Amino acid sequence: MDPVLISLNAISKYFGRKLILKDINLEITPQSTIALLGPNGSGKSTLLKIIAGLAKISAGAVDAAPQLKIAYIPENFPKIDLTPAAFIKSLGLIGGLPPEQVSTGMTRLFETFQMDDMCDVPIKHLSKGTIQKVAVIQALLDTPDVLLLDEPLSGQDSQSQQLFIQMVQELQQQGVATVMSCHERFLVKQLANTAYEISDHQLKPVDLSGIKAIEYDVMIFEAPAKPTLNSELSSLIEKATWDHNRLKLIVSREHSDEVLITLLKDKFKLRTMEGMDQ
Amino acid sequence: MKNLLIYHFKSYLKSYKLLLPFLIYLIYLFAAYGIMPFSIVSSFSESAGVLFFIMAFVGFSYAELENPVTEQLILLRINNATLYYLSRLTVLLIIGVVMGAIGILYPLIDNVVNHYHLFTRSLQFEDVMIGFFLHCLMAFLGAMTGSFFHPRLIKNRKMAVLLLFFVAVMAISKGALADHFSSSRFVSWIFPPVFEILVAFTGQDFFSIPAMRLPVAFGIAYGLVIMISQMQLLKRSKF
């Protein structure tokens, strides 16, 4: 039986009088690859912070193995004045890594994520996707025991997404437990064996077999002068990312025709469309 | 600790938030020592009092600058919240000592430039040492007071600014208030003991260690209490 790294026992969490989480029980072992699903505001990020020991709980108990190394990829990395190189180096040294390991690890990760020419630019001047890469790199600098990911793909290009998925899969093979919150079901398929939905403040198991059957298409459109995204499409689109006048969509294959027809009617122009590599 | 200090210094200096209070203090020194001669004790006391306000502003802006996300990432790396918050406050203390040194070095240099006529009497080694200590103590009190109004402890920032202003003004004017409303003494001990320390030198020609012993001890104790309290409150409040 795998040792328990972190155990949440009957956790409840209130923000003021507002109940966020109620009677949450969860055990994280070295083999855990857990996805937390749910709409915005359901408490996914709060639960991740509770697992990390960063958030105060209103009731229950969190038991963690001693000297546990937890890495955390936040959803919104701040626009700080330091450069990626200065920040990652500082974080590595603060974490007690030898300077040589920090230096080689940084160089490797900056190269892998194609950030070599941006590592000396203040983070506040980088694009959202590049800033998110910094958030990922800081977590991957060292091999943690538990990796917590809060909407890890937000703003990243598809190449970085694939790279990221591959790196997390490698860590999982090394026995790193991962817990991630995400909206993208295609990510759940690739990075999690167990999934829960936070519904009515509680963790409800999700049958992954349904998710695993879904295939996705990636479509990139050029938007018209005054683009409006039909509100009826929101339930069909897995993920929508704007980059100036370009709209990138990830849509389950069963809905892609419908989404395509609607957007073409709304004067969007299709530029590329391809099946998503799984 | 060393790497934490380097990180905090880098983050703070890159933000240029120290520039404004530093320049204001330099301008004050330039203006205050512009007309001579001066009483050593009163000019050093006044400069230390101004440094209290400057460092209260520095402490507040430093606490404002702290980003909760980077704070969380570092806390996970070091697994020791006390060390983290201590390192942040140590940076403030170092800045306070540097500002205190400037507050003493400026008149010393000015005195030499003015052929030793800046002060009403000749400067002694004890004046420099006690003056420097007084500046450091005021910087410590100011920095701890300002940083106490941390965004995670007082979420309403307008209220935090007003409260800090009120506390800083009360710290220096509580003696005058007590002269008019003697009952205010029952609550005025809550405010930093800036008045109590500075009043120990009023009308003195030389720094008197016996007269300053008690207020200085109270000042150090007060600073340590608010320093430890804010660390404990920040550890407990989490995110």
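All figures in this text were calculated on a predicted structure; none of them were measured in a lab.

## Brief notes about the overall build of chain A
Secondary structure assignment for chain A yields 8 helices and 13 strands. Each of the three principal axes of chain A carries a C-alpha extent, and together these read 60 × 45 × 40 Å. Out of the 278 residues belonging to chain A, those deemed buried represent 52%. Look at the contacts in chain A between residues 6 or more apart in sequence, and 72% of them connect residues 24 or more apart. Here chain A displays about 13000 Å² of accessible surface, and carbon together with sulfur accounts for 48% of that area. The averaged location of the 33 negative side-chain charges in chain A is 7 Å from the averaged location of its 27 positive side-chain charges.

## Observations concerning the pattern of salt bridges
Per the stated rule, a full pass over the model turns up 10 salt bridges over all chains. Notably, a salt bridge pairs Asp200 of chain A with Lys204 of chain A, separated by 3.6 Å at the nearest N-O pair. We note a salt bridge from Arg152 of chain B to Glu71 of chain B, for which the minimum N-O separation is 2.4 Å. Of this pair, Arg152 of chain B sits in the loop between α6 (125-148) and α7 (157-180) while Glu71 of chain B sits in helix α4 (residues 68-78); the two residues are 81 residues apart in sequence, bridging distant segments of the chain. Residue Arg152 of chain B is classed as buried on the basis of its relative accessible area, which comes to 12%.

## Considering the sheet that holds strand β8 (residues 194-199) of chain A
All names here are of chain A. In space, the 6 strands of this open sheet follow the order β5-β6-β7-β3-β8-β9, with mixed pairing throughout. Looking at which strands have only one partner, the edges of the open sheet turn out to be β5 (70-73) and β9 (202-206). Each adjacent strand pair in this sheet contributes to an overall mean axis angle of 20 degrees, direction not counted. Note: β8 against β9, 5 bridges, orientation antiparallel. Across the sheet, residue Glu197 finds its bridge partner in β9, namely Lys204.

## Regarding the interface of chain A and chain B
Listed as interface residues are 27 residues of chain A and, on the opposing side, 22 residues of chain B. Each partner contributes to the roughly 2200 Å² buried at the junction of chain A and chain B, and carbon and sulfur atoms together form 66% of this total. Of all residues in chain A, Leu54, Leu82 and Ile94 of chain A bury the most surface against chain B, accounting for 28% of the area lost on that side. Here chain A is connected to chain B by 0 salt bridges. The interface formed by chain A and chain B holds 4 residue pairs in polar contact (both at pLDDT 80 or more) in total. At 5 residues, helix α2 (residues 84-94) of chain A tops the list of elements feeding residues into the side of chain A that touches chain B. The residue inventory of the side of chain A that touches chain B, partitioned by class, reads 17 nonpolar, 5 polar and 5 charged.

## Here we look at helix α5 (residues 81-113) of chain B
Residue and element names in this part refer to chain B. With 33 residues, α5 should reach 48 Å at 1.5 Å per residue; the first-to-last C-alpha distance of 48 Å fits that figure. Between the side-chain oxygen of the N-cap and the backbone nitrogen of Thr82 there are 3.3 Å, and the N-cap of α5 in question is Asn80. One or two positions beyond α5, positive phi appears at His115, with a value near 55 degrees.

## Concerning the packing of α2 of chain A against helix α4 (residues 128-140) of chain A
All names here are of chain A. Running from N to C, α2 and α4 point in directions that differ by 25 degrees, and their axes come no closer than 10 Å. It follows that α2 is roughly parallel to α4 by the angle criterion. The handedness of the crossing between α2 and α4 is right-handed. Packed against α2, whose contacting residues are Pro84, Phe87, Ile88 and Leu91, the element α4 presents Val134, Ile137 and Gln138 at the interface. Each residue belonging to the contact of α2 with α4 can be placed in one class, and the counts come to 6 nonpolar, 1 polar and no charged.

## Details of helix α8 (residues 253-265) of chain A
All names here are of chain A. With 13 residues, α8 should cover 18 Å at 1.5 Å per step; its first-to-last C-alpha distance of 19 Å lies within 8% of that length. Burial in α8 covers these residues: Ser256, Val259, Leu260, Thr262 and Leu263. Two residues or fewer after α8 comes Lys267, characterised by a positive phi angle close to 70 degrees.

Cut-off values and rules
Residues numbered from 1 in each chain as written. Chains lettered and ligands numbered in written order. Predicted model: local features only at pLDDT ≥ 70, side-chain atom pairs only at ≥ 80, totals over all residues. Heavy atoms only, no water. Helix = DSSP H or I, 4+ residues; strand = E, 2+ residues; numbered from the N terminus. Buried < 20%, exposed > 50% of the residue type's maximum accessible area, 1.4 Å probe, protein only. Contact = heavy atoms within 4.5 Å. Areas by Shrake-Rupley, 256 points an atom, 1.4 Å probe, with all protein chains shown as cover. Lys, Arg positive; Asp, Glu negative; His and termini not counted. Charge placed at Lys NZ, Arg CZ, Asp CG, Glu CD. Salt bridge = Lys/Arg side-chain N within 4 Å of Asp/Glu carboxyl O. Pairing = 2+ DSSP bridges. Axes fitted to C-alpha atoms, helices over the stretch in contact; angles between N-to-C directions. Buried area = accessible area lost by both parts, 1.4 Å probe. Polar contact = N/O pair within 3.5 Å; in protein donor to acceptor, adjacent residues only side chain to side chain. Nonpolar A, V, L, I, M, F, W, Y, C, P; charged D, E, K, R; others polar. Expected span 1.5 Å × (residues − 1). Parallel < 35°, antiparallel > 145°, perpendicular 65-115°, else oblique. Left-handed = near helix turned anticlockwise from the far one by under 90°.

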